[in-house]
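# Close look at the chain arrangement
One-letter residues, chain by chain:
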Amino acid sequence: MTQNPQDVKVAMYTMCLVKDEDKVLLVNRPNRKGFPGWIGPGGKVDFPESLTEGAIREVWEETGLRVTDLIYKGLDEFVDPKQNFRYMVFNYVATSFEGELLQNPPEGELEWIPIKEAMNYPMQDWFKRRFPLFFEEGTFEIYEIYDQENRVTIKESVKKL
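These notes cover the structure that comes with them. (Residues numbered from 1 in each chain as written. Predicted model: local features only at pLDDT ≥ 70, side-chain atom pairs only at ≥ 80, totals over all residues. Heavy atoms only, no water.)

Quick look at the overall build of the protein now. Across its full length, the protein carries three helices and nine strands. Mapped from its N terminus to its C terminus, the protein presents α and β elements in the order β-β-β-β-α-β-β-β-α-α-β-β. Along the first, second and third principal axes, the C-alpha set of the protein runs to 50 × 35 × 35 Å. For the protein, contacts bridging at least 24 residues in sequence account for 65% of all contacts bridging at least 6. Per element, the accessible surface of the protein, about 9300 Å² overall, is 49% carbon and sulfur. (Helix = DSSP H or I, 4+ residues; strand = E, 2+ residues; numbered from the N terminus. Contact = heavy atoms within 4.5 Å. Areas by Shrake-Rupley, 256 points an atom, 1.4 Å probe, with all protein chains shown as cover.)

Next up, the structure:
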């Protein structure tokens with residue numbers, strides 16, 4: 001099933017986990033924001049910014065921290081052939097930062113969580129699947145063919161590269 005590239009809608013997002021020694025900064029998103037539970041800072045890449053510029057901006061807007069030394073960790077994407085839609089999340093870890101955490105963060109409560117304990121916190125399944133990959137050697141690729149209308153995964157692969 002080959003599509004004309006002009007007919008395919010592409011949405012590009014970033015996620016950047018901020019790491020401080022053995023802790024990671026996560027956001028506890030409330031139900032009203034969608035994707036409730038603990039999650040990394042991130043969001044849509046604004047045109048024409050680069051992927052890393054988008055990741056840096058999103059972390060700053062959601063946490064108040066200016067991150068540097070980003071390490072690319074991998075791609076998580078799903079495609080819906082029926083909708084001609086590709087959703088791509090470019091994932092990073094930042095190990096250097098400056099600034100103070102926001103007092104009233106727009107996306108939810110911020111907390112430094114020990115990496116070894118984070119998987120015990122309530123998370124969306126897709127984030128829980130991705131979370132350990134941020135802290136492993138190398139990069140990853142998660143690819144999912146998903147039927148949004150019926151909310152069914154047709155095919156899925158997770159590769160460490």
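The next thing to look at is the environment of Gly34. By the element assignment, Gly34 lies in the loop between strand 2 (23–29) and strand 3 (37–39). As for Gly34 and Glu144, which are separated by 110 residues in sequence, their C-alpha atoms are 20 Å apart.

Direction of pairing for strand 5 (residues 66–80) relative to strand 6 (residues 85–98): antiparallel, over a ladder of 13 bridges. Bridge pairing links Leu75 to Phe90 in strand 6. Between strand 5 and strand 6, which pair antiparallel in sequence order, lie four residues; one of them, Asn84, sits at a positive phi of approximately 55 degrees. Bridge count for strand 5 against strand 8 (residues 140–147) is six bridges, and the pairing is parallel. (Pairing = 2+ DSSP bridges.)

Turning our eyes to something else, we now look at the side chain of Lys73. Tracing the chain through its elements places Lys73 in strand 5. No salt bridge forms around the buried Lys73; measuring N to O, its nearest opposite-charge neighbour Glu137 is 6.6 Å away. (Buried < 20%, exposed > 50% of the residue type's maximum accessible area, 1.4 Å probe, protein only. Lys, Arg positive; Asp, Glu negative; His and termini not counted. Salt bridge = Lys/Arg side-chain N within 4 Å of Asp/Glu carboxyl O.)

Turning our attention to the nonpolar core. One finds Met15, Leu17, Leu26, Met123, Phe127 and Phe131 to be the most contacted residues of the largest nonpolar core, which totals 29 residues. Contributions of two or more residues to this core are made by strand 1 (9–20), strand 2, strand 3, helix 1 (51–63), strand 5, strand 6, strand 7 (109–114) and helix 2 (115–118). Residue contributions to this core peak at six residues, all from strand 6. Those residues in contact with Met15 that lie beyond four places of it in its chain are Ile39, Gly40, Pro41, Gly42, Val89, Phe90, Asn91, Tyr92, Trp126, Phe127, Arg130 and Phe134. (Core = buried A, V, L, I, M, F, W, Y, C linked by side-chain atoms within 4.5 Å.)

Here ten bridges tie strand 1 to strand 6, and the two strands are oriented parallel to one another. Bridging from a neighbouring strand, Lys9 pairs with Phe85 of strand 6.

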